[in-house]
Amino acid sequence: MKMEIQNDFSIGKVSRHIINIAGPMIVAQLINVLYNVIDRIYIGRIPHVATLAIGGLGLCLPLISIIIAFANLFGMGGAPLCSIARGEGNNKKAEEIMGNSFIMLILSGILIIIVGLIFKRDLLWLFGASSQTIDYADDYMTIYILGTLFVMIGLGMNSFINSQGFAKTGMMTVLIGAIANIILDPVFIFAFSMGVKGAALATVISQGLSAVWTLYFLFGDKTILKLKWTCFRLKINYVMKIISLGMAGFMMAITNSIVSIVCNSMLQLYGGDIYIAVMTVINSIREMASLPGQGIANACQPVLGFNYGAKKYDRVLEGIKFTKITTVSLMVVIWLCITVFPQQLIGIFSNNKDILRLGNDALHIYFFGFFMMAFQMTGQSIAMGLGKSKQAVFFSIFRKVIIVAPLTIILPRYVGIHGVFMAEAISNFIGGSACYITMWLTIGKSLKRQINQQKTNPA
């Protein structure tokens, strides 16, 4: 009962609830990104083969994105529904939704392992591998795929920890794994001379530790909603709702994968392996740079969802305004830092002179107008938090598939290799503006109407 009262988002300041969740969540997401970023930092310093090895790792990103997509599908799909059910006071329904999500994560993980091991090498060739990078990519991906279930549990089920307001516990989920990865990476890569295989093995072991912690908490007595064997029986109505809402997170990851494939193919065609290595470094910087804004945007979901379920529409509107202002402000500051310190950021991942030289111009082009992404982060997270799946899915597809992918193919024909990086910058302005304006004209205005109705006809 004490935990229920403490995590009741319908009382107290909305902004304080969001910040309380956002702090640990941003740290957790930063640590989660470090799983792969740390691998790239160490791999970028393997003697004699660093550039080819980091390029090979870059080729794995589309496949890793696909695995993350399925974790998002059932994790991000079920967690907002749990928040809404809790706001309605129906914890039994919330636990059934969580149990159904867990089973779907496990089943999809097993399927990914089977299909991934069979087709991974063919897919890596398709994604832009060369004869010099294919073996590095194959070595890393083979081990990573074998640890898919750990990713599904650790990443997918952590959404249910955060959705209940246990942001610090959610942070611990990834902190445990990240610390292990930081320790194990140099041991396996350099001390045991395993190279890329060592990086993958360290990552998988670390994700396994995160998964164990997640299950320990959700099966234990310290959580509000528990994983129960009686809730593991799939119910078609829950499955459909989870998939419908989770499709936004799924499409975000899938479209990232599609864009990575197109980018790698164009980079290989117009620039070769060195530019794939450059893009791998830029993607690493982007992952870290997106974290504060995305953390605030994600943190608003359980708060807004709870209040929406409790019919506290004025508090939902208050949360939307706070999320927008905070997210945009953070992203402007980060964009300015990237613009001023490009060489220092690139140098974190590689000391190769060619990568530093080519990456400087590429980074400035790629991140031009990066702060506009804040509007898409905000609009999409709000739509997902309130269960508006169709809108969230549309804008996942709109920016990446309709804008970025075609521009990535077309622009290099006219402006050369820089056209690949320019496509992302253009999409920031178009996608960010379109997503937030649409969200406000639909969800925002609907909330205002519901507030006016409550004032006119008070219960």
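Residues numbered from 1 in each chain as written. Predicted model: local features only at pLDDT ≥ 70, side-chain atom pairs only at ≥ 80, totals over all residues. Heavy atoms only, no water.

**Considerations on the overall build of the protein chain**
Rules: Only DSSP runs of H or I with at least four residues qualify as helices, and only runs of E with at least two residues qualify as strands; both kinds are numbered from the N terminus onward. Throughout, radius of gyration means the C-alpha value; the globule benchmark is 2.2 Å times the number of residues raised to the power 0.38. Two residues qualify as a contact provided that any one of their heavy atoms is within 4.5 Å of a heavy atom in the partner residue. Only the protein chains shown count as cover for residues, and the accessible areas themselves come from Shrake-Rupley with a 1.4 Å probe. The positive count covers Lys and Arg only, the negative count covers Asp and Glu only, and His and the chain ends enter neither. To locate a charge, take atom NZ for lysine, CZ for arginine, CG for aspartate or CD for glutamate.
Each helix and strand counted, the protein chain has 19 helices and zero strands in total. A compact globule built from 459 residues would reach a C-alpha radius of gyration of about 23 Å, and the protein chain, at 22 Å, matches this within 12%. Of all intrachain contacts in the protein chain linking residues separated by at least 6 positions in sequence, the fraction that spans at least 24 positions is 83%. On the protein chain, roughly 18300 Å² of surface is accessible, and the fraction owed to carbon and sulfur atoms is 68%. Distance from the positive charge centre (35 side chains) to the negative charge centre (19 side chains) of the protein chain: 11 Å.

**A closer look at unusual backbone geometry**
Even without glycine at this site, His48 takes up a positive phi of about 75°. Mapped onto the fold, His48 is located in the loop between helix H2 (14-43) and helix H3 (50-87). Positive phi, close to 55°, is recorded for Ser193, a residue that is not glycine. Assignment of secondary structure puts Ser193 in the loop between helix H8 (167-191) and helix H9 (195-218).

**Regarding the nonpolar core**
So the rule is basically this: Among buried residues, the Ala, Val, Leu, Ile, Met, Phe, Trp, Tyr and Cys ones that are joined through side-chain atoms within 4.5 Å form a nonpolar core. The buried label goes to any residue with under 20% of its type's maximum accessible area, the exposed label to any with over 50%, and the partly exposed label to all in between, with areas taken from a 1.4 Å probe on protein chains only.
Residues Tyr140, Met141 and Phe421 are the most contacted members of the largest nonpolar core, which totals 116 residues. At 18 residues, H3 tops the list of elements feeding residues into this core. Residues Ile296, Ala299, Cys300 and Met439 belong to the second largest nonpolar core, which totals 26 residues.

**Section: helix H4 (residues 91-126)**
Heads up, the condition is: Working rule for helices: expected span equals 1.5 Å times residues minus one. In this analysis the local bend is the angle between axes fitted, respectively, to the seven residues ending at and the seven residues starting at the residue.
Look at H4: only 46 Å from first C-alpha to last across 36 residues, short of the 52 Å you get at 1.5 Å a residue. The sharpest bend along H4 measures roughly 60° and falls at Phe119.

**Points about a nonpolar patch on the surface**
Under the convention used in this document: Patch membership requires more than 30% relative accessible area and the absence of a salt bridge. Residues of like charge join within 9 Å; the nonpolar side chains Val, Leu, Ile, Met, Phe, Trp and Tyr join within 5 Å. Here a salt bridge means any side-chain nitrogen of Lys or Arg lying within 4 Å of a carboxyl oxygen belonging to Asp or Glu.
There is a patch of nonpolar side chains on the surface, built from Ile110, Leu111, Ile114, Val115, Ile118 and Phe119 and spanning about 560 Å² of accessible area. With respect to the helices and strands, the residue Val115 is situated in helix H4.

**Examining the pattern of salt bridges**
Where charged atoms from two side chains of opposite charge approach closely, those side chains can pair. For the structure on display, the rule yields ten salt bridges. One salt bridge in this structure joins Glu96 and Lys92, with 2.8 Å as the shortest N-O distance. Of the two residues, Glu96 and Lys92 are both situated in helix H4; the distance of four residues between them amounts to about one turn of the helix. The closest approach of N and O atoms between Asp138 and Lys120, which form a salt bridge, is 2.8 Å. Here Lys120 lies in helix H4 and Asp138 lies in helix H5 (residues 134-146), a separation of 18 residues in the sequence.

**Describing a positive patch on the surface**
A contiguous patch of positive charge, built from Lys321, Lys445, Lys448 and Arg449, is present on the exposed surface. Considering each element in turn, the positive patch owes the most residues, three residues, to helix H19 (residues 418-456). Tracing the backbone shows Lys448 in helix H19.

**Thoughts on the packing of aromatic side chains**
Worth spelling out the cut-off: Each Phe, Tyr or Trp ring, with Trp reduced to its six-membered ring, pairs with another whose centre is within 6.5 Å; inter-plane angles below 30 degrees give stacked pairs, above 60 give edge-to-face pairs, and intermediate values give tilted ones.
Taken as a whole and judged by the stated rule, the model has 17 aromatic pairs. Both rings, one in Phe166 and one in Phe217, keep their centres 5.4 Å apart while their planes meet at 70°; by these two values the pair is edge-to-face. You can see Phe166 sitting in the loop between helix H7 (158-163) and H8 and its partner Phe217 sitting in helix H9, a full 51 residues away along the chain. Note on Phe166: relative accessible area 13%, which makes it buried. A relative accessible area of 8% means that Phe217 is categorised as buried. One aromatic cluster is present, built from ring pairs that chain together Phe102, Phe219, Trp229 and Phe232.

**Focus on the state of the cysteines**
Defined simply, a disulfide is a covalent bond joining two cysteines at their sulfur atoms. Keep this limit in mind: Disulfides are defined as pairs of cysteine sulfur atoms found within 2.5 Å of each other.
This structure, assessed with the given rule, holds zero disulfides. Looking at the unpaired Cys231, the closest cysteine sulfur is the one in Cys82, lying at 9.9 Å. Exposure remark for Cys231: the relative accessible area of 7% places this residue in the buried category. Looking at Cys300, it has no disulfide partner, and the nearest cysteine sulfur is the one in Cys435, 12 Å off. Under the relative-accessibility criterion, Cys300 is labelled buried at 0%.

**So, the packing of helix H13 (residues 313-340) against H19**
The cut-off we apply is this: Only C-alpha atoms enter the line fits that serve as axes; for helices the fit covers just the stretch in contact. Angles between N-to-C directions range over 0 to 180 degrees. Oblique is the label for any angle not covered by the other classes, which are roughly parallel (under 35 degrees), roughly antiparallel (over 145) and roughly perpendicular (65 to 115). Note on convention: the crossing is left-handed when the near helix lies turned anticlockwise from the far helix by less than a right angle, right-handed when the turn is clockwise.
Remark: H13 packs on H19, axes separated minimally by 9 Å, with the N-to-C direction vectors making an angle of 150°. Taken as axis vectors, H13 and H19 run roughly antiparallel relative to one another. At the point where H13 passes H19, the crossing takes the left-handed sense. Judged by residue contacts, Tyr313, Asp314, Val316, Leu317, Ile320, Lys321 and Lys324 of H13 engage Tyr436, Met439, Trp440, Gly444, Leu447, Lys448, Gln450, Ile451 and Gln454 from H19.

**Observations regarding the environment of Leu209**
Structurally, Leu209 can be placed in helix H9. By relative accessible area, which is 40% here, Leu209 ends up partly exposed. In this structure, the C-alpha to C-alpha distance between Leu209 and Ile68, residues 141 residues apart in sequence, is 17 Å.

**Structural notes on the packing of H3 against helix H6 (residues 148-156)**
We count it as follows: For this classification, the nonpolar set comprises Ala, Val, Leu, Ile, Met, Phe, Trp, Tyr, Cys and Pro, the charged set comprises Asp, Glu, Lys and Arg, and every other residue, Gly included, is treated as polar.
Contact geometry of H3 with H6 gives a least axis separation of 9 Å together with a crossing angle of 40°. Taken together, H3 and H6 sit at an angle that is classed as oblique. Note on packing geometry: the crossing formed by H3 with H6 is right-handed. Judged by residue contacts, Ile67, Ile68, Phe70, Ala71 and Gly75 of H3 engage Thr148, Val151, Met152, Leu155 and Gly156 from H6. Of the residues assigned to the contact of H3 with H6, the class counts are seven nonpolar, three polar and no charged.

**Things to note about the environment of Phe322**
Looking at the secondary structure, you find Phe322 in helix H13. Remark: the alpha-carbon pair of Phe322 and Ile296, spanning 26 residues in sequence, is separated by 9.6 Å. Setting aside its immediate chain neighbours within four residues, Phe322 contacts Ser15, Ile18 and Ile19.

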